[in-house]
Amino acid sequence: MNLFELYRQEGESPHENNLSRGLAILLDENPLLLERFIDLANSKLLALRKAPIRKPKNREDREIGFQQKIKKLRDEVSQRIIGFTLTPDLPRTTMVETRETQPVHENLVTDIAISCGEDLLIVEVKKVPGSSAGAQVTAQAESVRFLSGNKDAEVVSPLCLTWEDIVRVLQNIDCLQGGNRDPILRQEVEIGRASCRERV
């Protein structure tokens with residue numbers, strides 16, 4: 001992933017894609033952010049009484065990808081595929097429930113994929129709350145399991161993270177690292193805050 005080259009995909013929101021691309025780059029380059037992201041993911045898994053994701057001890061123990069086709073990820077799977085949505089937080093009075101399903105397909109594309117030990121985390125990023133992110137990430141997770149041939153792989157999807165969660169983590173890391181040491185992280189904080197405010 002080239003930090004300075006914007007990602008463009010026909011028919012897709014460049015803001016949404018570049019927001020997820022920026023997060024993928026930071027997760028890949030900042031070990032503390034990856035650790036805190038896994039902490040967030042584990043809090044969701046523990047609420048379901050599921051085993052936590054093991055944190056990688058070094059760079060070789062994990063792989064982070066952006067906009068990858070499912071057929072490329074099928075070899076990454078061993079025991080568990082976890083699908084996360086990442087959207088702005090919904091107001092407490094709003095209730096959005098989507099139960100649509102999407103077909104299993106090898107050409108589905110993930111926003112962010114993190115291979116970490118025996119777990120594969122798939123993150124579907126949306127700028128708008130209440131979208132079909134849950135159905136999309138679940139179809140991606142089911143497709144990886146089907147194409148890998150590992151019918152025993154557990155699929156846990158969809159679990160929900162919010163941009164507000166990510167912005168808090170980014171701000172905490174920025175403070176821990178002395179404020180101005182990572183300008184790229186600071187930019188993602190600002191873009192994430194703006195995304196949280198837009199909610200349209």
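This text follows the structure it describes.
As a starting point, this report considers the structure included with it.

Quick look at the overall build of the chain now. Each helix and strand in the chain was counted, giving six helices and five strands. Secondary structure of the chain in N-to-C order comes out as α-α-β-α-β-β-β-α-β-α-α. Considering the chain as a whole, with its 200 residues, one finds that 46% of them fall into the buried category.

Quick look at the nonpolar core now. Counting 34 residues, the largest nonpolar core has Leu27, Ile112 and Ile114 as its most contacted members. Looking at this core, the element that brings in the most residues is helix α2 (residues 31–47), giving seven residues. The contact partners of leucine 27, leaving out residues within four places of it in the chain, are Leu33, Leu34, Phe37, Arg62, Ile64, Ile112 and Ile114.

We now examine the pattern of salt bridges. Within this structure, the stated rule accounts for twelve salt bridges. Between lysine 55 and aspartate 39 there is a salt bridge, with its nearest N and O atoms 2.5 Å apart. Linking lysine 55 in the loop between α2 and β1 (62–69) with aspartate 39 in helix α2, this pair joins segments that are 16 residues apart in sequence. For lysine 55, a relative accessible area of 36% translates into the label partly exposed. Residue aspartate 119 pairs with arginine 80 through a salt bridge whose shortest N-O separation is 2.8 Å.

Here we take up the side chain of glutamine 140. Mapped onto the secondary structure, glutamine 140 falls in helix α4 (residues 133–148). Not counting residues up to four positions away in its chain, the partners in contact with glutamine 140 are Ile70, Leu108, Val109, Thr110, Ile122 and Glu124.

Bringing α4 into the picture now. Given a rise of 1.5 Å per residue, 16 residues ought to cover 22 Å, and the 22 Å separating the end C-alpha atoms of α4 matches this to within 8%. Those residues of α4 hidden inside the fold are in contact with α3 (70–73), β2 (80–87), β3 (109–116), β4 (119–125) and β5 (154–162).

This part takes up the side chain of aspartate 165. With respect to the element layout, aspartate 165 can be found in helix α5 (residues 163–176). Side chain to side chain, aspartate 165 and arginine 168 meet in a polar contact 2.8 Å long.

All right, on to unusual backbone geometry then. Geometrically, the link from serine 157 to proline 158 is a cis peptide bond, its omega value of -5° lying close to zero. With respect to the helices, strands and loops of the structure, proline 158 is situated in strand β5. The backbone of arginine 49 sits at a positive phi, close to 60°, despite the residue not being glycine. Relative to the helices and strands, arginine 49 resides in the loop between α2 and β1. Owing to a relative accessible area of 80%, arginine 49 belongs among the exposed residues under this scheme. Phi angles above zero are rare outside glycine, and glutamine 67 is one such case at about 50°. Structurally, glutamine 67 is set in strand β1. According to the relative accessible area criterion, glutamine 67 is buried, its value standing at 14%.

Reading the values: the criteria
- Residues numbered from 1 in each chain as written.
- Predicted model: local features only at pLDDT ≥ 70, side-chain atom pairs only at ≥ 80, totals over all residues.
- Heavy atoms only, no water.
- Helix = DSSP H or I, 4+ residues; strand = E, 2+ residues; numbered from the N terminus.
- Buried < 20%, exposed > 50% of the residue type's maximum accessible area, 1.4 Å probe, protein only.
- Core = buried A, V, L, I, M, F, W, Y, C linked by side-chain atoms within 4.5 Å.
- Contact = heavy atoms within 4.5 Å.
- Salt bridge = Lys/Arg side-chain N within 4 Å of Asp/Glu carboxyl O.
- Expected span 1.5 Å × (residues − 1).
- Polar contact = N/O pair within 3.5 Å; in protein donor to acceptor, adjacent residues only side chain to side chain.

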